[in-house]
Amino acid sequence: MSQTVRFDPAGPLRGSYTPPPDKSISHRAALFGAMADEPVTVVNYLDSEDTRSTLDAVMTLGAAVAEEPDGRLLIRGVGLHAPLEATGGILNVGNAGTLLRLLPGWLAGQPGGVWTLDGDDSIRRRPVDRIAEPLERMGASVEVREGRFPPFTVRGADLTGIQYDLPVPSAQVKSCVLIAGMFASGSTTVTEGSTSRDHTERMMRRARVPFERDGLRITVAQVDELELDHVVVPGDPSSAAFIVAAAVLVGGSRVVVQDVGLNWTRTGFYRIAERMGAVIVGELEEPGAEADEEPVGELDVASGPLEGTVVEPEEVPLAIDELTLVALLGAHADGETVVRGAEELRLKESDRIEGVVEGLRGMGADIEATPDGFVVRGDGSPLRGGTIDAQGDHRMAMLGAVAGLASSEGVEVVGMDAAAVSYPGFERDLRALL
Ligand code: S3P
């Protein structure tokens, strides 16, 4: 059921705010917990539609998940090599692209097992050839619809390590091949064109998987068991970015974001926003840092006059889920904002290049699409407002809400309920700061 919600121009956002738990890290915690022999405790697991799909999938495969009275999850995994359940069956990934791309890395390493991953209409438009290709080269058999899309069937095998150069900058594909690498004889090396989020690598190091990084090259070796006993999930910097953008855009705002993940491979948006003139004070992790742990901290955010900027392709994977917010900031900034090298945005939960260009243009923005991004020009005055259809995409729904608060006449968001995919309490949290 599609819900339409209006967001009117608002006074300043003020106060302190704790974002919901990180979606990417929650997915990985559930998968690694399920692949471990010993129980794994997950503190602050995200309760959202996407991350519930991951818990459902691992339970279908034989892991047990229990919620403790204090809200922690206790995952009793099946280990890396025990036979998994539900072979021959369908695993419903819902709307979760991360589950769709990571889980097959595990399934591919299970000789004798066969599973089909499928999901909602949006998931059926998400390409899986990008994981099918390396998994086949490692020895698994796969079937995909029209050579490219789910339903996606993976038949496990004794895998062999490969050298793989990622054809697209994608943390999901990188993670899939690294996970499969834990089952493969020899070693598996993945080379990225530019750095993408590294949560899988950090979790592998903590689980004592034999693992090496040399610049953009990551090598993993076969392993018998994971040594992981607990995972603490920080606040999601991508979810927080929507509140931060609202605070940056609405004059007089000041918001302190608490317990937010500051991993440098996730905070590209914050660096771009600062460059545009936003006031963001906090200890963002230094770009290039390699660590086992996920850094967490506080950010003190205030609005400021914005200027246009150019976002280069190597920055794109570090801000991939927040680039529509860069467009919104650009529409309110003085001068031209250009995003290049972001063609992957066309393959997200919706085509986010078309969505943001049509959506912001309808609110009065001077914005045009390019094949790999967009160009937006502003003169420092707010957008008029209008209507935006989220098209079932959680991040487009949240973008519309923020645009409404910053506009002069308000924005109606069609399909606001989509926000629950990653951030069920978004509207409540946003309004609580007003
Ligand atoms: C994710 C990686 C990114 C991102 C997605 C989550 C992950 O996707 O857009 O929201 O958890 O690894 P791609 O790997 O397709 O860029």
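Above: the structure in question.
The following refers to the structure shown. (Residues numbered from 1 in each chain as written. Predicted model: local features only at pLDDT ≥ 70, side-chain atom pairs only at ≥ 80, totals over all residues. Heavy atoms only, no water.)

Section: the overall build of the protein
Point 1. Each helix and strand in the protein was counted, giving 12 helices and 23 strands.
Point 2. For 434 residues, the compact-globule formula gives about 22 Å, and the C-alpha radius of gyration of the protein, at 21 Å, lands near that figure.
Point 3. When the backbone C-alpha atoms are referred to their principal axes, the protein occupies close to 60 × 45 × 45 Å.
Point 4. For the protein, the proportion of its 434 residues judged to be buried stands at 62%.
Point 5. Put simply, the protein shows about 15,500 Å² of open surface, and 46% of that area lies on carbon and sulfur atoms. (Helix = DSSP H or I, 4+ residues; strand = E, 2+ residues; numbered from the N terminus. Rg over C-alpha atoms; globule rule 2.2 N^0.38 Å. Buried < 20%, exposed > 50% of the residue type's maximum accessible area, 1.4 Å probe, protein only. Areas by Shrake-Rupley, 256 points an atom, 1.4 Å probe, with all protein chains shown as cover.)

What about the side chain of His 27?
Point 1. Along the chain, the position of His 27 falls in helix H1 (residues 23–35).
Point 2. When its relative accessible area of 1% is taken as the criterion, His 27 is described as buried.
Point 3. Leave out the neighbours within four places in its chain, and His 27 touches Asp 50, Thr 51, Thr 54, Ala 96 and Thr 98. (Contact = heavy atoms within 4.5 Å.)

Some points on the packing of aromatic side chains
Point 1. Following the criterion strictly, the structure yields three aromatic pairs and no others.
Point 2. Between Phe 269 and Tyr 270, the ring centres sit 5.7 Å apart and the planes meet at 70°, which makes this aromatic pair edge-to-face. Pair check on accessibility: Phe 269 and Tyr 270 agree, each one buried.
Point 3. Note on Tyr 423 and Phe 426: the rings are 5.4 Å apart at their centroids and 70° apart in plane angle, and the pair reads as edge-to-face. As far as the burial class goes, Tyr 423 and Phe 426 line up, both buried.
Point 4. Taken together, the ring pairs connect Phe 242, Tyr 423 and Phe 426 into an aromatic cluster. (Phe/Tyr/Trp six-rings, centres within 6.5 Å; stacked < 30°, edge-to-face > 60°.)

Let's talk about the site of the ligand
Point 1. Near the ligand the following residues occur: Ser 24, Arg 28, Thr 98, Pro 169, Ser 170, Ala 171, Gln 172, Arg 197, Ile 320, Asp 321, Lys 348 and Arg 395.
Point 2. Between Arg 28 and the ligand, the recorded distance is 2.6 Å, taken from a side-chain N or O atom to an oxygen atom.
Point 3. For the ligand, an oxygen atom lies 2.9 Å from a polar atom in the backbone of Gln 172.
Point 4. Judged by the fraction of its atoms near the pocket grid, the ligand is located in the largest cavity.
Point 5. For the shell around the ligand, the residue count by class is three nonpolar, four polar and five charged. (Near = heavy atom within 4 Å. Polar contact = N/O pair within 3.5 Å; in protein donor to acceptor, adjacent residues only side chain to side chain. 1 Å grid on protein atoms, 1.4 Å probe; cavity = no way out; pocket = protein on both sides within 12 Å on 5 of 7 lines; lining within 4 Å. Sits in = over half its atoms within 2 Å of the grid points. Nonpolar A, V, L, I, M, F, W, Y, C, P; charged D, E, K, R; others polar.)

Some words on the sheet that holds strand E19 (residues 334–339)
Point 1. Read across the open sheet, the four strands follow the order E18-E19-E21-E20; overall the sheet is mixed. Strands with a single pairing partner mark the edges of an open sheet, and in this sheet they are strand E18 (310–311) and strand E20 (366–370).
Point 2. Two elements, E18 and E19, share two bridges in a ladder whose sense is parallel. By the bridge assignment, Val 310 is partnered in E19 with Val 338.
Point 3. Docked against the sheet, helix H9 (residues 323–332) engages E18, E19, E20 and strand E21 (373–379), running at close to 25° with respect to E21. (Pairing = 2+ DSSP bridges. Axes fitted to C-alpha atoms, helices over the stretch in contact; angles between N-to-C directions.)

Quick word on the nonpolar core
Point 1. Residues Phe 269, Leu 323 and Phe 426 are the most contacted members of the largest nonpolar core, which totals 75 residues.
Point 2. Per element, the largest residue contribution to this core is 10 residues, and it comes from helix H7 (residues 237–249).
Point 3. Grouped together as the second largest cluster of nonpolar side chains are 70 residues, Ala 29, Ala 30, Phe 32 and Phe 152 included. (Core = buried A, V, L, I, M, F, W, Y, C linked by side-chain atoms within 4.5 Å.)

Notes on empty space enclosed by the protein
Point 1. Applying the stated criterion to the full structure yields three cavities of 30 Å³ or more.
Point 2. By volume, the largest cavity is sized at about 350 Å³.
Point 3. Along the walls of the largest cavity sit 26 residues, with Gln 172, Arg 197, Ile 320, Asp 321 and Lys 348 positioned nearest its centre.
Point 4. Residue composition of the lining of the largest cavity, grouped by class: six nonpolar, seven polar and 13 charged. (Points joined across faces, edges and corners; volume = space filled by probe spheres on them.)

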